[in-house]
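# What the coordinates show
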Amino acid sequence: MNEDIQAVGQEVQAASAPIRKLTEEIGKVLIGQEYMVQRLLVGLLADGHVLLEGVPGLAKTLAVNSLARAVDASFHRIQFTPDLLPADLLGTLIYNPRDGSFETKRGPIFAHVILADEINRAPAKVQSALLEAMQEKQVTLGDTTHKLPIPFLVLATQNPIEQQGTYPLPEAQVDRFMLKLRVDYPSREEERQILRLHGTSHTPELQPMLKPADILKARGVVERVYLDEKIENYILDIVFASREPEKFGLGDLKPLIVYGASPRATLFLTRAARAWAFLQGRAFVIPEDIRAIGNDVLRHRVIPSFEAEAEERTSDDLVKSILMGIEVP
């Protein structure tokens, strides 16, 4: 087993070096926001979609655009609006009167990286069409099913402060996203650097550092990152503690949680932890990897009760209590 880990470790070192260069390249135009960039890379490496929540102006769109350019991947930005239709996203069949046939017109979803900007502004039909494509990695137009490009990554944004004219995503739909990020304001010094860099029309041009095939190769290495049985049990304890906290000595959380994390959380937490270990240059997962990425995987899967809201306890607070309360192997 040690020989296997050593062999994978060499592959991790070789495959993660270009990813670190990718981070440096994105840093040319994106000041601060290391938290967001690292989690976007986790989604890219673990084949998981990411939901970014934050007030306008925090460079969410810039981060996604920069990632797509640095990976040399096809990129489409879709502005979600209340009058958007599923066909505007997926495409449609156009009738050709010359020969009576139908031609397929593909929609903007056919790209490696999709930015669904303000996803909560579109009605439920459009959200469902997007999330079905996310899950199945395919789109059906008429009688024909079209595979989406690989890798295929959806990065969606939503504004938490203005809810007028929005269609909030139901918990079952939000659960399709591997990670939900809370993007915060930059520090004063970071904002000073942003002012100096973007205060003029001359901004640095990003150079493609990787190709989509390189990402697929890196994913193959990520899947071989070693996960010990003790780490498996640690992940299961965390997820089951969100459902039955009283069995893990966290009885005070029981009235504060309406629904705990689904089995999808177990799978996503495992994949995200492997990707996080890979980014750290390791061929094995340690408990710190779970704790580093756990909040982003679980915050949209642990649903607070009215009692929790009355006590001003957010899902982040509940997840933090679970992570602090479960014994580390």
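Structure: above.
In this report, the structure presented in the accompanying data block is examined. (Residues numbered from 1 in each chain as written. Predicted model: local features only at pLDDT ≥ 70, side-chain atom pairs only at ≥ 80, totals over all residues. Heavy atoms only, no water.)

### A short note on the pattern of salt bridges
The condition is simple: Any carboxyl oxygen of Asp or Glu that lies within 4 Å of a side-chain nitrogen of Lys or Arg is treated as forming a salt bridge with it. Numbering of helices and strands starts at the N terminus; helices are DSSP runs of H or I of at least 4 residues and strands are runs of E of at least 2. Exposure is judged per residue with a 1.4 Å probe applied to protein chains only, and the accessible area is read against the type maximum: over 50% gives exposed, under 20% gives buried, and values in between give partly exposed.
Throughout the structure, instances matching the rule amount to 18 salt bridges. Close ionic contact of Lys180 with Glu53 constitutes a salt bridge, the shortest N to O distance being 3.4 Å. Taken together, the residues Lys180 in strand S9 (residues 179–182) and Glu53 in strand S1 (residues 50–53) connect sequence positions 127 residues apart. Taken individually, Lys180 and Glu53 each receive the classification buried, so the pair is uniform in this respect. Note that Asp175 is salt-bridged to Arg301, the shortest N-O span being 2.6 Å. Pair noted here: Asp175 is in the loop between helix H6 (171–174) and S9 and Arg301 is in the loop between helix H11 (287–298) and strand S11 (303–304), with a separation of 126 residues, a long-range link. When its relative accessible area of 11% is taken as the criterion, Asp175 is described as buried. The exposure class of Arg301 is buried, given its relative accessible area of 3%.

### A word on helix H9 (residues 229–243)
We count it as follows: To estimate how far a helix should extend, the number of its residues minus one is multiplied by 1.5 Å. This arc is taken over the directions from the axis of the helix to the C-beta atoms.
End to end, H9 covers 21 Å across 15 residues, agreeing with the expected 21 Å (1.5 Å per residue, within 8%). Three or more residues of H9 are buried, namely Ile231, Tyr234, Ile235, Ile238, Val239, Ala241 and Ser242. In an axial view of H9, the angular spread of the buried residues amounts to 160°, which keeps them on one side of the axis. Turned more than 90 degrees away from the buried face of H9 sit Glu229 and Lys230, all of them exposed.

### With respect to the side chain of His112
Note the following rule: In this analysis, two residues are considered to be in contact whenever any of their non-hydrogen atoms come within 4.5 Å of each other.
Of note, His112 is situated in the loop between strand S4 (101–106) and strand S5 (113–117). Apart from the residues lying within four places of it in its own chain, the contact partners of His112 are Ala73, Ser74, Pro149, Ile150, Pro151, Phe152, Leu153 and Pro212.

### Concerning the packing of aromatic side chains
The description of two aromatic rings rests on the distance between their centres and on the angle between their planes. Quick reminder of the rule: Stacked, tilted and edge-to-face are the three classes applied to pairs of Phe, Tyr and Trp rings, where Trp contributes its six-membered ring and a pair requires centres within 6.5 Å; stacked means planes under 30 degrees apart, edge-to-face means over 60, and tilted covers the rest. Counting as a charge over the ring demands two things of the Lys NZ or Arg CZ atom: a distance within 6 Å of the ring centre and an angle within 35 degrees of the ring normal.
Here the structure, examined in full by the defined rule, presents 0 aromatic pairs. Above the face of the Phe110 ring, Arg106 is positioned so that its terminal group lies 4.6 Å from the ring centre. Its guanidinium or amino end placed over the ring of Phe240, Arg243 lies 4.6 Å from that ring's centre, counting from NZ or CZ.

### Some points on a nonpolar patch on the surface
Condition: A patch consists of residues whose relative accessible area exceeds 30% and which take part in no salt bridge; residues with like charges are grouped when within 9 Å of each other, and nonpolar side chains (Val, Leu, Ile, Met, Phe, Trp, Tyr) when within 5 Å. Exposure was quantified through the Shrake-Rupley algorithm and a 1.4 Å probe, taking into account, for residues, occlusion by the shown protein chains and nothing else.
A cluster of nonpolar residues, Leu93, Tyr95 and Phe102, forms a patch on the protein surface that exposes about 320 Å² of accessible area. Residue classification places Phe102 among the exposed positions, given a relative accessible area of 54%.

### A closer look at the packing of helix H2 (residues 34–46) against helix H3 (residues 60–70)
As a reminder of what qualifies: As a rule, the C-alpha atoms of each element are fitted with a line to give its axis, helices using only the stretch in contact, and angles between N-to-C directions run from 0 to 180 degrees. By the definition adopted for this analysis, an angle is roughly parallel if under 35 degrees, roughly antiparallel if over 145, roughly perpendicular if from 65 to 115, and oblique otherwise. The crossing is said to be left-handed when, going from far helix to near helix, the turn is anticlockwise and less than a right angle, and right-handed when the turn is clockwise. Throughout, the ten residues Ala, Val, Leu, Ile, Met, Phe, Trp, Tyr, Cys and Pro are labelled nonpolar, Asp, Glu, Lys and Arg are labelled charged, and all others, Gly among them, are labelled polar.
Two numbers describe how H2 lies on H3: the axes approach to 11 Å, and their chain directions differ by 45°. With respect to H3, the axis of H2 lies oblique. When you trace H2 past H3, the crossing you get is right-handed. Between H2 and H3, the contacting residues are Met36, Leu40, Leu41 and Leu44 on the first element and Lys60, Ala63 and Leu67 on the second. Among the residues making up the contact of H2 with H3, the classes are represented as 6 nonpolar, no polar and 1 charged.

### Details of the nonpolar core
The criterion, for reference: Here the nonpolar core consists of buried residues drawn from Ala, Val, Leu, Ile, Met, Phe, Trp, Tyr and Cys, with membership extended through side-chain atoms lying within 4.5 Å.
Counting 76 residues, the largest nonpolar core has Leu67, Leu155, Phe278 and Ile290 as the members making the most contacts within it. With residues up to four places along the chain from it excluded, the contact list for Phe278 reads Val12, Ala15, Ser16, Ile19, Leu45, Ala218, Val221 and Val222. Counting 28 residues, the second largest nonpolar core, distinct from the first, contains Leu51, Ala111, Ile119 and Leu131.

### Some details on H2
With 13 residues, H2 extends 18 Å between its outermost C-alpha atoms, agreeing within 8% with the 18 Å of an ideal straight helix rising 1.5 Å per residue. Counting buried positions along H2 yields 10 of 13 residues, so the element is predominantly enclosed. For H2, the full list of buried residues reads Met36, Val37, Arg39, Leu40, Leu41, Val42, Gly43, Leu44, Leu45 and Ala46. One or two positions beyond H2, positive phi appears at Asp47, with a value near 60°.

No statement about biological role is implied by the geometric values presented.
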